[in-house]
Amino acid sequence: MDDHVHDHGHDHGHHERPASQSELRARALEALLVERGLVSTDAIDAVVSYYENDVGPQNGARVIARAWVDPEYRARLLRDGSAAIGELGFAGVEGEHMVVVENTPDVHNVIVCTLCSCYPWPVLGLPPTWYKSPAYRARVVAEPRRVLAEFGLQLDVDVELRVWDSTAEVRYLVLPERPAGTEDLSEEQLAALVTRDAMIGVARVEAPAGAAA
């Protein structure tokens, strides 16, 4: 199956967003604190990692788990991502216009932003460094199967691969396949299985150890 790239045209002034005054002040304050020995770069990195890997992705994981256990919610999520995500209280800047794309045994979706790093902050938190890198942004479009393989995700040749290019207007979220053997898990337990990478599309959600296949 040929790889399928979803093209949005990008003729909409979609460029790297300049730093705001608050961001510039934050950077200056960070540099001053580090220079005076009041805080270490490791401590700052740890805080960023917390928000990048824990706080934001937990929101998205709740959305995914709800869709897995509630067919009506899943239908609303696929029909109007912004509204359905808003039902759980997640909305705001960088998440105003959300489109949710569903992985199935025959179709796998992956998200990129080819021109900068548009990313659904309300459900995924801060974008990982690799998502913003020029290498990922170019290669996942040109050779998506190879890129996914480098993440450890091997797709069968008959699985259709769709690459979704985020824009200044639209952000995407992948609804991963629910892993087998999780039928008896609660919504909270399911949410704990969902990773940020699975919601970007560079990984699958893995069943917990001991789950029946």
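Check the entry above for the structure.
Criteria and thresholds
Residues numbered from 1 in each chain as written. Predicted model: local features only at pLDDT ≥ 70, side-chain atom pairs only at ≥ 80, totals over all residues. Heavy atoms only, no water. Helix = DSSP H or I, 4+ residues; strand = E, 2+ residues; numbered from the N terminus. Buried < 20%, exposed > 50% of the residue type's maximum accessible area, 1.4 Å probe, protein only. Areas by Shrake-Rupley, 256 points an atom, 1.4 Å probe, with all protein chains shown as cover. Phe/Tyr/Trp six-rings, centres within 6.5 Å; stacked < 30°, edge-to-face > 60°. Polar contact = N/O pair within 3.5 Å; in protein donor to acceptor, adjacent residues only side chain to side chain. Patch = residues over 30% accessible without salt bridge, like charges linked within 9 Å, V, L, I, M, F, W, Y side chains within 5 Å. Salt bridge = Lys/Arg side-chain N within 4 Å of Asp/Glu carboxyl O. Lys, Arg positive; Asp, Glu negative; His and termini not counted. Charge placed at Lys NZ, Arg CZ, Asp CG, Glu CD.

Participant: Give a description of the overall build of the protein that names residues and reports values.
Facilitator: On a plain count of helices and strands, the protein comes out with 10 helices and 5 strands. Burial status across the protein gives 38% buried among its 213 residues. On the protein, roughly 11600 Å² of surface is accessible, and the fraction owed to carbon and sulfur atoms is 52%.

Participant: Help me get a handle on the packing of aromatic side chains, residues and values and all.
Facilitator: This structure, assessed with the given rule, holds 7 aromatic pairs. Considering the side-chain rings of tryptophan 130 and phenylalanine 151, the 4.8 Å spacing of their centres and the 65° angle between planes classify their relative orientation as edge-to-face. With tryptophan 130 in helix α6 (residues 129–132) and phenylalanine 151 in the loop between α8 (144–150) and β4 (160–165), this residue pair connects regions lying 21 residues apart in the sequence. According to the relative accessible area criterion, phenylalanine 151 is partly exposed, its value standing at 33%. Residues tryptophan 164 and tyrosine 172 carry aromatic rings whose centres are separated by 5.4 Å and whose planes lie at 40° to one another, so their mutual orientation is tilted. The residues tryptophan 164 and tyrosine 172 share a single accessibility class, namely buried. Connected via pairs of aromatic rings, a cluster forms that spans Tyr119, Trp130, Tyr131, Tyr136 and Phe151.

Participant: Quick rundown of the side chain of aspartate 165? Include the residues and the values.
Facilitator: Note that aspartate 165 resides in strand β4. Here the side chain of aspartate 165 touches threonine 114 through a polar contact of 2.7 Å, side chain to side chain.

Participant: How would you sum up a negative patch on the surface? Please name residues and give values.
Facilitator: On the surface, Asp106, Asp156, Asp158 and Glu177 cluster together into a negatively charged patch. Within the element layout of this structure, aspartate 106 appears in the loop between β2 (98–102) and β3 (107–112).

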